[in-house]
Amino acid sequence: AIEAGLKDKSPNLTLVADRYSRMAEHVGEPVDGVTLDIGVSSMQLDQADRGFSFQADGPLDMRMDKSGESAADFVNDADEEEIARVIYQFGEEPKSRRIARNIVAARPISRTAELASIVRRACGYRAGDKKDPATRTFQAIRIHINRELEELEDGLAAAEMVLKPGGRLAVVTF
């Protein structure tokens, strides 16, 4: 789940594990500050069974809260043009069309190692290359699956609604 920290009148910090867009449901009265911690955490990347990382093989999932479409659902069901669009838009990958074509040709895909291998072959990756080409594709699919940009927009609007006048908003990114 996406965590939004909501600070109330006391010096205590309350962490709420939920979508940013649902922030107001957890706040009874206006607050002094809101912290949004966006993106994927190292804990999620380190757990192969979450399906976020190509460093260790796991099920191709990538869902923050385990609901809705998984990454496997997306790569197996979306058409080639949609896959290319997502990879280009959210991963800024110049070889997005070639990668999408290779993904569609390799279906069904259920594991992170399978997807990483497909992307590497599509990009002409050689061991020792500075950056693994799967990085951008995994990032793009994760952002799409979790609607991360929409959630950030909704979270900023929600923060504005729950903050007291003069309240503070902090957004943590890495």
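Residues numbered from 1 in each chain as written. Predicted model: local features only at pLDDT ≥ 70, side-chain atom pairs only at ≥ 80, totals over all residues. Heavy atoms only, no water.

Glancing now at the confidence of the model for the protein. Per-chain confidence: the protein averages 89 in pLDDT, with 93% of residues scoring 70 or above. Within the model, pLDDT remains below 50 along residues 1-10, and this stretch shows 47 contacts once partners closer than five positions in the same chain are excluded. (pLDDT = per-residue confidence, 0-100. Contact = heavy atoms within 4.5 Å.)

Given a rise of 1.5 Å per residue, 12 residues ought to cover 16 Å, and the 17 Å separating the end C-alpha atoms of helix H5 (residues 112-123) matches this to within 8%. Three or more residues of H5 are buried, namely Thr-112, Leu-115, Ala-116, Ile-118, Val-119, Ala-122 and Cys-123. Buried residues of H5 fall within an arc of 160° about the axis and therefore sit on the same side. Residues of H5 that are buried in the fold lie against helix H4 (96-106) and helix H6 (134-145). Of the residues flanking the end of H5, it is Gly-124, one or two places downstream, whose phi is positive at about 75°. (Helix = DSSP H or I, 4+ residues; strand = E, 2+ residues; numbered from the N terminus. Expected span 1.5 Å × (residues − 1). Buried < 20%, exposed > 50% of the residue type's maximum accessible area, 1.4 Å probe, protein only. Arc of directions from axis to C-beta.)

Geometry of an aromatic ring pair is reported as the spacing of the ring centres plus the angle between the planes. The final tally for this structure, using the stated rule, is 1 aromatic pair. On the numbers, 5.2 Å between centres and 75° between planes, the contact of Phe-54 with Phe-138 is edge-to-face. Here Phe-138 lies in helix H6 and Phe-54 lies in the loop between helix H1 (42-46) and helix H2 (71-77), a separation of 84 residues in the sequence. Owing to a relative accessible area of 3%, Phe-138 belongs among the buried residues under this scheme. (Phe/Tyr/Trp six-rings, centres within 6.5 Å; stacked < 30°, edge-to-face > 60°.)

Glancing now at unusual backbone geometry. The step from Arg-107 to Pro-108 runs through a cis peptide bond, and the omega angle for that step is 0°. Secondary-structure assignment places Pro-108 in the loop between H4 and H5. Although it is not a glycine, Arg-147 adopts a positive phi angle of roughly 50°. Structurally, Arg-147 can be placed in the loop between H6 and helix H7 (148-162). Residue class for Arg-147 comes out partly exposed when judged on its relative accessible area of 38%.

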